[in-house]
Amino acid sequence: MKALVLSGGSGRRLRPITHTSAKQLLPVANKPVLFYGLDAVRDASITDVGIVVGDTAPAIQAAVGDGSAFDLNVTYIHQDAPRGLAHAVLVARDFLGDDDFVMYLGDNFILGGITSLVEEFASARPDAQIMLTRVSDPRQFGVAELDSTGQVIALEEKPKQPKSELALVGVYIFTAAVHEAVRHLKPSWRGELEITEAIQWLLDNGRKVRSTTITGYWKDTGNVADMLEVNRMVLESIEPRVHGSVDDASELIGRVVIEAGAQVSESRIVGPVIIGTGTRVVGSYVGPFTSVAHDCVISGSEIEYSIVMSGASIQGVRRIEESLIGHDVEVTASPRVPRAHRLVLGDQSRVQISS
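Read on for an overview of the structure. (Residues numbered from 1 in each chain as written. Predicted model: local features only at pLDDT ≥ 70, side-chain atom pairs only at ≥ 80, totals over all residues. Heavy atoms only, no water.)

### So, the pairing of strand β11 (residues 166–174)
Worth spelling out the cut-off: Accessible area is worked out with a 1.4 Å probe on protein chains only. A residue is then buried under 20% of its type maximum, exposed over 50%, and partly exposed in between. The secondary structure listing takes helices from DSSP runs of H or I that are at least 4 residues long and strands from runs of E that are at least 2 residues long, numbered from the N terminus. A pair of strands is treated as paired once DSSP finds two or more bridges between them.
With 9 of its 9 residues buried, β11 lies for the most part within the structure. Of the pairings in the sheet, the one linking strand β6 (residues 101–105) to β11 comprises 4 bridges and is antiparallel in character. Paired with M103 across the bridge in β11 is Y172.

### A word on the sheet that holds strand β15 (residues 245–246)
Taken together, the 6 strands give an open sheet; going across it, the order is β15-β18-β21-β24-β27-β30, and neighbouring strands pair in parallel fashion. Strands with a single pairing partner mark the edges of an open sheet, and in this sheet they are β15 and β30 (330–332).

### Remarks on the packing of aromatic side chains
Our working definition: Centres within 6.5 Å make a pair out of two Phe, Tyr or Trp rings, where for Trp the six-membered ring is used; the pair is then stacked when the planes are under 30 degrees apart, edge-to-face when over 60, and tilted otherwise.
If you walk through the whole model with that rule in mind, you get 5 aromatic pairs. Ring centres of F101 and F174 lie 5.6 Å apart, and the angle between their planes is 45 degrees; this geometry places the pair in the tilted category. Pair noted here: F101 is in strand β6 and F174 is in strand β11, with a separation of 73 residues, a long-range link. Owing to a relative accessible area of 0%, F101 belongs among the buried residues under this scheme. Judged by centre distance (6.1 Å) and plane angle (10 degrees), the rings of Y172 and F174 are stacked. Overall, the relative accessible area of 4% leaves Y172 in the buried class.

So this is what it looks like as structure tokens:
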């Protein structure tokens, strides 16, 4: 079995961060989302991986390399534009050959990995195995309809009137039969080749499609709220360790990770929190569910339930919550007089100001 990991999308819902960063490389507990997916693939005993890339290919390739750091053999497959999940299968045809394969969306997070799904597929070997989960607003997802026996009978992409609350999770397993299905597709109303329509083609042509409804944790990390939620979930499981320096005037409470080379002085840190290599925390409070990447500075400030990316500086700021702060960002306090905010914001930024 091979794996096809999709890492090409533009990440519109995460702009302006994704103007300069690939959405699959945004960090969860200081580790890119994509890396969790690659670990899940490896843990399922799959070693040959094709990564579909687009405009952010240089960043993805620089981060993943040849895959040896993950014990994987990686091949990069270029997609000229985000033309749909089924289009990714089309452009990966030479890599996939006639092998069975897992298709994994690189910005999805599934707690517990995919090993059990792969084992279930291997034992029954349908032409398609899909994962489903119940969601509150199915209109945002591909939706599956099941009959009274639990068999998949229909699928629809982002329906205006969903026939169920069962959304497709971003992991699929296929036999080579899917290649015939994608060849018959035409672009949908969204202008894309939809994988839901390919699976529907398999159903319509008598092919076997199985589903597994998961009850565990899954997130599509497509927006800031979901990124912060996944970050919270991962931080819940960290084990405390201190490899950096913490002075006697500081207090660490709960599950706190201080990476090698990090310095904490005159500060209070309440976990779960991770402080990255080379980061300095001075005279500050870092509260629960916060990850601070490497080479940051937090001085005279308070922050919690946030993600701070590498090289960022936060100085003299009273309180920051529920925030995603990008690479090399500077956040400082404004002068008390006049009482005014000075902002330099990129396109599609979103700011909430307490005044």
